[in-house]
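Examining the three-dimensional arrangement
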Amino acid sequence: MLAGDILSLAADATVTRRHVGTVVVVVRPRTRGGAVIGVERGFALENPAGTITHLPQL
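Let me sum up the structure you'll find in this document. The model shown is predicted, which means the values in this text are computed figures rather than measured ones.

Moving on, we come to the overall build of the protein. Assigned secondary structure in the protein consists of zero helices and six strands. Counting helices and strands in the order they occur from the N terminus, the protein gives β-β-β-β-β-β. The C-alpha radius of gyration of the protein comes to 11 Å, within 12% of the 10 Å expected for a compact globule of 58 residues. Along the longest, intermediate and shortest principal axes, the C-alpha atoms of the protein span 35 × 25 × 15 Å. In the protein, which comprises 58 residues, the proportion classed as buried is 24%. Considering only contacts in the protein between residues 6 or more positions apart, those separated by 24 or more positions represent 7%. Carbon together with sulfur atoms contributes 58% to the accessible area of the protein, which is approximately 4300 Å² in total. Looking at the protein, you have 6 positive and 4 negative side-chain charges, and the mean spots of the two groups are 9 Å apart.

With that settled, consider the nonpolar core. When a protein is soluble and globular, its nonpolar side chains tend to lie buried together. In this structure, Ile 6, Val 20, Val 24, Ala 35, Ile 37, Val 39 and Ala 44 together form the largest nonpolar core, which totals seven residues. The dominant element in this core, judged by the number of residues it contributes, is strand S4 (residues 35-39), at three residues. Each residue touching Ala 35, except ones within four places of it in the same chain, is listed here: Val 27, Arg 28, Pro 29, Arg 30, Ala 44, Leu 45 and Glu 46.

Turning our attention to the environment of Arg 32. Mapped onto the fold, Arg 32 is located in the loop between strand S3 (24-29) and S4. Residues Arg 32 and Pro 48, 16 residues apart in the sequence, show an inter-C-alpha distance of 7.3 Å.

The rules behind the values
Residues numbered from 1 in each chain as written. Predicted model: local features only at pLDDT ≥ 70, side-chain atom pairs only at ≥ 80, totals over all residues. Heavy atoms only, no water. Helix = DSSP H or I, 4+ residues; strand = E, 2+ residues; numbered from the N terminus. Rg over C-alpha atoms; globule rule 2.2 N^0.38 Å. Buried < 20%, exposed > 50% of the residue type's maximum accessible area, 1.4 Å probe, protein only. Contact = heavy atoms within 4.5 Å. Areas by Shrake-Rupley, 256 points an atom, 1.4 Å probe, with all protein chains shown as cover. Lys, Arg positive; Asp, Glu negative; His and termini not counted. Charge placed at Lys NZ, Arg CZ, Asp CG, Glu CD. Core = buried A, V, L, I, M, F, W, Y, C linked by side-chain atoms within 4.5 Å.

So this is what it looks like as structure tokens:
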């Protein structure tokens, strides 16, 4: 997470690495899929398809 990457483990035991920012602080799943991601200076939203949208910095 200090490298800005999130690792995901799928049901078939494959691991996916995605780079989302300088530092990832927290990942919280969303009710309808995707996640809210706390990054070094704000937040990013991941939609169910895996696309990440960075919100304006705080």
